Amino acid sequence: MNILFMGPPGAGKGTQAERIVDEFRVPHISTGDVFRAAMREGTPMGIEAKKYVDQGLYVTDEITNGIVKERLEQPDCAGGFLLDGYPRTIAQAEALDEMLAAMGKRIHHVIDLKVDRNLLLGRLTGRRICKSCGSTYHVLFNPPKTEGVCDKCSGELYQRSDDSEEKVGTRLDEYTTKTAPLLEYYGQKDLVRSVDGEQDIDKVTADISSLLRGKA
Ligand code: AP5
Ligand code: MG
């Protein structure tokens, strides 16, 4: 199954993707995670991406499309994939359509996580992520058993550099102007299924799972 997760920063895309890929056994492809890994490693692409990510702005379509094309050609995507945070612009959506058509594939489901803008800032500033395995926590809504330590691998938890109040404002504006129009793009293809992302984490997972299994 080929799935897209959409939703504003902090909607829960990464949190839900971690769970859904376990259930559906497809790789989780987060362009944000790819950029952060490249930035940590200091690769030429990471150095270029950092100029945008650190400001809360979108990386160029050219760089982003290149990364996704390379990733979708890997053998582990043959049986399906979950794209988290890509595409984010109409140009990216068109490029994805071309890539998939060339591979004889298509998107089966677009899951849109709906969360009111006024909840997103608190979610993002309270987020903590494991340095070792990338698991996501929240200091209030999904705290680890021991503060600052990952439940799954005992790795150290850190806060993303773009999760400051100032950067979150820019990220939300990018989403509204460049990504929200994609709902119309995929809506015309009758692919969008909205999920109430304000419910508790387990309930959101259950709703997504039902939709993907065709039970909702
Ligand atoms: P990316 O890493 O994708 O960031 P984002 O889209 O801003 O989304 P987030 O990862 O912040 O939020 P999320 O929806 O995954 O929420 P999460 O599950 O963590 O991209 C980062 C940057 O990379 C971009 O700004 C851009 O620069 C660049 N980039 C990436 N893709 C690009 C593209 N395609 N084109 C161009 N540039 C690109 O949850 C958030 C918090 O809320 C967590 O603490 C979690 O525990 C908590 N939480 C989750 N669900 C719930 C719930 N139901 N109730 C209560 N708390 C919850
Ligand atoms: Mg994420």
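Just so you know, these numbers come straight off a predicted model, no measurement behind them. For every chain, the first residue of the written sequence is number 1, and numbering continues from 1 along that sequence. A letter from A marks each chain and a number from 1 marks each ligand, given out in the order of writing. Reporting of local features is limited, given that this is a predicted model, to residues whose pLDDT is at least 70; pairs of side-chain atoms are given and counted only at 80 or more, and all residues count toward the totals for whole chains, interfaces and linings. Side-chain descriptors were evaluated using all non-hydrogen atoms of the structure, hydrogens and water having been removed beforehand.

With respect to the side chain of Asn2
Here is the rule: Each helix is a run of H or I in the DSSP string that is no shorter than four residues. Each strand is a run of E no shorter than two, and both are numbered from the N terminus. Buried means the residue's accessible area, taken with a 1.4 Å probe over protein chains only, is under 20% of the maximum for its type, while exposed means over 50%, and partly exposed covers the values in between. In protein, a polar contact requires one atom able to donate a hydrogen and another able to accept it; more generally it is a pair of N or O atoms within 3.5 Å, and residues adjacent in sequence count only if both atoms are side-chain atoms. Whether two residues are in contact is decided by their heavy atoms: any pair within 4.5 Å suffices.
Secondary-structure assignment places Asn2 in strand β1 (residues 2–6). Owing to a relative accessible area of 6%, Asn2 belongs among the buried residues under this scheme. Reaching out from Asn2, the side chain makes a polar contact with the backbone oxygen of Arg106 at a distance of 2.8 Å. Among residues more than four places away in sequence, those in contact with Asn2 are Gly80, Phe81, Lys105, Arg106, Ile107, His108 and His109.

Structural notes on the side chain of Arg171
Position of Arg171 among the secondary structure elements: in helix α7 (residues 165–179). Within the local environment of Arg171, its side chain forms a polar contact with the side chain of Asp163, the two groups lying 2.9 Å apart. Aside from chain neighbours lying at most four places away, what touches Arg171 is Pro9, Gly56, Leu124, Arg127, Arg160, Asp162 and Asp163.

Focus: the UniProt feature "binding site: ATP" (unreviewed entry) in the chain
Put simply, the test is: UniProt positions are given in the numbering used here, feature names are shortened, and annotations may be inferred rather than shown by experiment. A 1.4 Å probe that fits into a set of points on a 1 Å grid over the protein atoms alone but cannot get out defines a cavity; an open set with protein on both sides within 12 Å along at least five of seven lines defines a pocket, and lining residues are those with an atom within 4 Å of a point.
The sites that UniProt annotates as "binding site: ATP" (unreviewed entry) are Gly10, Ala11, Gly12, Lys13, Gly14, Thr15, Arg127, Thr136, Tyr137 and Gln199. Here the residues from the annotation list that line the largest cavity are Lys13. When you line up the elements, Gly10 lands in the loop between β1 and α1 (13–24). Relative accessible area serves as the criterion here: at 16%, Gly10 is assigned to the buried category. Non-local contacts of Gly10, meaning those with residues more than four positions away in its chain, are made with Leu120, Arg123 and Leu124. By secondary structure assignment, the location of Thr15 is in helix α1. Apart from the residues within four sequence positions on either side, Thr15 is in contact with Thr136 and Ile201.

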